[in-house]
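Fold and contact review
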Amino acid sequence: MNATVFKPVNICMILLGNAVMALGIVMFVIPNDLMTGGTTGLSLIVEHYTSLPISLFVLIFNSIMFALGLFVLGKAFAMTTLLSTFFYPAVLECFQRIPSLADGFTDDKLLASLFGGVFIGLALGIVIRSGASTGGMDIPPLILNKKFGLSVSAMLYIFDFVILLGQALFSDKEAILYGLILVVTYTIVLDKALVFGRAQTQVKIISEKAEEINDAVNRRMDRGSTLIHTATGYLKREQDMIMTVISNRQLSQLNQLVAEVDPKAFMIVARVNEVSGQGFTLPKKRVHLPDDPAASE
């Protein structure tokens, strides 16, 4: 079982994510009759044809999906959806009972689509980064993947498309376009939220003065590095290439440092979405170099 999900900070973040999701739905989606995917989109279809309250349908559907996930995907996965399964419909119902929220923040459907997408995407990002799942419509694609090997992302898009199509049957043409804006917005925001604060810059440096540059990176910038043995393509000259990962703010400092040592150095700069290990997700482990002044302290 993923024990990290049940750490106090993660529990708080999962609850926060679900609260942000409910706020976005109550303030922007429902008052403006916007189309959306997932469990909420499915609940809008059911409400239209049966008048069943959205929060009640979400609770029933999430409970069924939770039981299905428990049976097919196992206890470990089911536990990661437990909080979202029951907290989200409860907080959704609470927010719907607050007139200042339920009346909506804007009558402009474009603004509602954009801000609704921001709230939903941010909420999903918070929950997923906490190691949990929002449950509901997340579960059927995972079951199909386990049983038939179907792509999870492809199944999510198909389910969302079918749900949007179901809402399109009783919505006008403009509502369909706004619904697409909403879905695209929360997809983009989700992608950004998942890598926010984790992105770093990877730099590869090829130089005849690789030793000097590597020493400067280690000592002056206090960054780790890796030496990769390479050979030039034309002259077949063997030499070391320096690879290091730095924060985005340190790139300018590294550029200046390399230029001081070897203005002709060849640098390749790439953005990486996530880095884990010592110096990033784990504390640095200090090892003194032979001639490191700190070694004599």
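From a predicted model like this one, the values you see are computed outputs, not experimental measurements.

Moving on, we come to the overall build of the protein chain. Regarding its fold elements, the protein chain presents 11 helices and four strands. Put simply, the protein chain has 297 residues, and 40% of those count as buried. For the protein chain, restricting intrachain contacts to residue pairs at least 6 apart in sequence, the fraction spanning at least 24 positions comes to 74%. Surface accessibility of the protein chain: about 16700 Å² in total, with carbon and sulfur atoms responsible for 63%.

One pass over the full model with this rule turns up six aromatic pairs. Measuring from centroid to centroid gives 6.0 Å for F28 and F115, while their planes differ by 25°, and the two rings are stacked. Of this pair, F28 sits in helix α1 (residues 8-29) while F115 sits in helix α6 (residues 109-129), and the two are 87 residues apart along the sequence. By relative accessible area, F28 is classed as buried at 5%. For the ring pair Y49 and F170, a centre distance of 5.7 Å and an interplane angle of 90° mean the geometry is edge-to-face. Highlighted residues: Y49 in helix α2 (residues 38-50) and F170 in the loop between α8 (152-168) and α9 (173-195), separated in sequence by 121 residues. Here the aromatic residues F28, F105, F115 and F119 are joined through ring pairs into a cluster of three or more.

A separate point is the pairing of strand β1 (residues 200-206). Most of β1 sits out of view: five of its seven residues are buried. Pairing analysis gives six bridges linking β1 to strand β3 (residues 238-246), with the strands arranged antiparallel. Looking at β3, one finds that I206 is bridged to M241.

Turning our attention to the pattern of salt bridges. Taken as a whole, this structure holds four salt bridges when the rule is applied. The residue R97 makes a salt bridge to E93 at a minimum N-O spacing of 2.8 Å. The partner of R237 in a salt bridge is E208, with the nearest N and O atoms 3.9 Å apart. In this pair, R237 sits in the loop between β2 (226-231) and β3 while E208 sits in the loop between β1 and α10 (210-219), placing the two residues 29 residues apart along the sequence. The partly exposed category is assigned to R237, whose relative accessible area is 40%. Since its relative accessible area comes to 68%, E208 is described here as exposed.

You can see S113 is positioned in helix α6. With relative accessibility at 0%, the residue S113 sits in the buried group. In this structure the side chain of S113 is engaged in a polar contact, spanning 2.7 Å, whose partner is the backbone oxygen of K109. Sequence-distant contacts of S113, that is, excluding residues within four places in its chain, are made with L34, Y178, I181, L182 and T185.

Of all hydrophobic cores here, the largest spans 31 residues; its most connected members are V29, Y88, L92 and I120. In terms of residue count, α1 provides more of this core than any other element does, nine residues in total. Apart from residues lying up to four places away in sequence, I120 is in contact with M21, I25, V29, T36, L182 and Y186. A216, I246, V258 and A265 belong to the second-largest nonpolar core, a separate cluster that totals 14 residues.

Between its first and last C-alpha atoms helix α4 (residues 75-96) spans 32 Å; for 22 residues at 1.5 Å apiece the expected length is 32 Å, and the two agree. Of all bends in α4, the biggest is about 40°, found at T81. The complete set of buried residues in α4 reads F77, A78, T80, T81, S84, T85, Y88, P89, V91, L92 and F95. For α4, the elements touching its buried residues are α1, α2, α3 (54-72), α5 (99-102), α6 and α7 (139-148).

One open sheet accounts for four strands, arranged β2-β3-β1-β4; its pairing is antiparallel. Looking at the sheet topology across the chains shown, the edges are occupied by β2 and β4 (266-272). For this sheet the average axis-to-axis angle between neighbouring strands, irrespective of direction, equals 25°. In terms of strand pairing, β1 meets β4 through seven bridges, oriented antiparallel. Directly across from T201, in β4, lies its bridge partner R271. Docked against the sheet, α10 engages β1, β2 and β3, running at close to 20° with respect to β3. With respect to the sheet, helix α11 (residues 251-261) is in contact with β1, β3 and β4, its orientation differing from that of β1 by roughly 10°.

Cut-offs and rules
Residues numbered from 1 in each chain as written. Predicted model: local features only at pLDDT ≥ 70, side-chain atom pairs only at ≥ 80, totals over all residues. Heavy atoms only, no water. Helix = DSSP H or I, 4+ residues; strand = E, 2+ residues; numbered from the N terminus. Buried < 20%, exposed > 50% of the residue type's maximum accessible area, 1.4 Å probe, protein only. Contact = heavy atoms within 4.5 Å. Areas by Shrake-Rupley, 256 points an atom, 1.4 Å probe, with all protein chains shown as cover. Phe/Tyr/Trp six-rings, centres within 6.5 Å; stacked < 30°, edge-to-face > 60°. Pairing = 2+ DSSP bridges. Salt bridge = Lys/Arg side-chain N within 4 Å of Asp/Glu carboxyl O. Polar contact = N/O pair within 3.5 Å; in protein donor to acceptor, adjacent residues only side chain to side chain. Core = buried A, V, L, I, M, F, W, Y, C linked by side-chain atoms within 4.5 Å. Expected span 1.5 Å × (residues − 1). Bend = angle between axes of the 7 residues up to and from the residue. Axes fitted to C-alpha atoms, helices over the stretch in contact; angles between N-to-C directions.

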